Amino acid sequence: MSLIDPISVPLHAARDARMAEAMHPGFTLHPGDDRPRAMLLRADRLSLPDRHRWASLSRDSAPGNIFAADWLMAPALTLADRRIRLAMAEGAAGDWLGVLPLVRGTLAPRAPVPVLRGWHCDVGGIGTPLVRAGAETAFWTALLERLDRRAGLAAGLILPSLPLDDPATLALIALCAEQGRWLHRGTSVLRRARIAGQQGNPRAAQVFEVRLEALEARLAARVGPVQLVLHSRAHDCEPWLAAFLALERRAGRERPSPEPLRSAIREGQRRGAVRLVSLRAGETIVAMSGWLVADRRGYGLASAHDVRLAAYAPHRLLMRRVTELAALEGLTRFDVGVRCDPGSEVLWPEAREFAALAVGIGGPRRRAFFARAIRRADF
């Protein structure tokens, strides 16, 4: 095996990932069962039974990626206007074990090597597949076997924005090591998070709290009393969306297409899976934020603040209250979204590393070709 830029995952973690059933006892393969099989389905041509299986998987999936749930991903796929495939693995009973949207593309602008690339909607930012609890290894095994046999012209599989501490990512890393399959790590980023039981530096938090109290007092003296408003009623959704998009435009961050955000918030509000808040000073909205909640985890969706009042750090004043709400709701983990400003490392003391992984697929010659091509590419 040629493993370039090895990923810094402890050996015990890789071994544990190969035994995903030990992490999530809800999934087992019984002796005599058929091996899981994978298929690539046209996302715009799903049958009604397929939609029902996807919805069932969304209900029973392991925590980690609400953005791949059927109710959030399906509208985004419709808006994407691309021929996206759903890489799906199913068990012997026909139930879906996992699903991952894929799109055909090239390795890089200067490296026109055809690849399959993981796709996620604009409001997401987490590239892990939606996998039934405990089926991480079974999902990747079935998918890679399918791509080895019928990859089309693709020479490799590119998976962007994978959290390196997620069971699905660890299962993929362990499987590639076990199979001697070529694996490469690309660009990585750190995203802020809050994890229950990990409080960061208490002294720094105390100093920061004093500073925020002073800023809030100054903001209140200039504009009016500061208060947090939680928009939890069904008819709050549309006014919140209109005000939020206007606040983004004022800050010069107008979205190319606001429809994915609108769809996520509308359906999330209907399902009780979204939290919408605004921070007001007097009658003025100074900051707004929205996040998704599933399995006692929070997923940052969007945030914006009034740049005219930036001297008072309204986004930090808001995020301080968001962290209090998350604690009251008992969230064990809260990930900052790709378009969300966490406010401060003091408020969000943990960092999760997200990286792009590239996996060679096909026969030995194709994998060797892909290995040579990716050494010269920045993916």
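Being a predicted model, the structure only gives us computed values, none of them experimental.

Cut-offs applied
The numbering scheme is per chain: residues are counted from 1 as the chain's sequence reads. Residues qualify for local features only when their pLDDT is at least 70, as the model is predicted, and side-chain atom pairs are given and counted only at 80 or more; totals for whole chains, interfaces and linings, by contrast, use all residues. Side-chain measures were taken over the full set of non-hydrogen atoms in the model, leaving aside hydrogen atoms and water. Residues belong to one nonpolar core when they are buried, are Ala, Val, Leu, Ile, Met, Phe, Trp, Tyr or Cys, and are joined through side-chain atoms within 4.5 Å. Three labels apply to residues, based on accessible area from a 1.4 Å probe with only protein chains included: buried if under 20% of the type maximum, exposed if over 50%, partly exposed otherwise in between. The contact criterion used throughout is that any non-hydrogen atoms of two residues lie within 4.5 Å. Helix and strand assignments follow DSSP, with helices taken as H or I runs no shorter than four residues and strands as E runs no shorter than two, numbered in order from the N terminus. Strand pairing is assigned whenever DSSP detects at least two bridges linking the two strands. Counting of polar contacts relies on pairs of N or O atoms within 3.5 Å, with two restrictions inside protein: one atom must be capable of donating a hydrogen and the other of accepting it, and residues adjacent in sequence are counted only when both atoms are side-chain atoms.

Turning to the nonpolar core, a few remarks are in order. Among the nonpolar cores identified, the biggest contains 46 residues, and Trp54, Leu261 and Leu292 are the most heavily contacted of them. Once residues lying within four places of it in the same chain are set aside, the contact partners of Leu261 are Val123, Leu241, Phe244, Leu245, Arg255, Leu301 and Ala302. Grouped together as the second largest cluster of nonpolar side chains are 31 residues, Leu100, Trp140, Leu143 and Ala171 included.

What follows is about unusual backbone geometry. Unlike most non-glycine residues, Ser161 shows phi in positive territory, near 60 degrees. Among the secondary structure elements, Ser161 is positioned in strand 7 (residues 156-163). The exposure class of Ser161 is partly exposed, given its relative accessible area of 22%. Its identity is not glycine, yet Arg296 carries a phi of approximately 60 degrees, on the positive side. When you line up the elements, Arg296 lands in the loop between strand 11 (284-294) and strand 12 (297-305). Judged by its relative accessible area of 53%, Arg296 is exposed.

Moving on, we get to the pairing of strand 8 (residues 183-195). Alignment of strand 8 against strand 14 (residues 350-360), held across nine bridges, turns out to be antiparallel. Within the sheet, the bridge partner assigned to Leu190 lies in strand 14 and is Glu353. Summarising the sheet, strand 8 and strand 13 (residues 333-335) pair through three bridges and their orientation is antiparallel. When the sheet's bridge partners are listed, Ile195 is paired in strand 13 with Arg333.

What follows covers the side chain of Ser278. For Ser278, the position within the fold is in strand 10 (residues 274-281). At a separation of 2.8 Å, a polar atom in the side chain of Ser278 contacts the side chain of His231. Those residues in contact with Ser278 that lie beyond four places of it in its chain are Gln227, Leu228, Val229, His231, Ile285, Ala287 and Met288.

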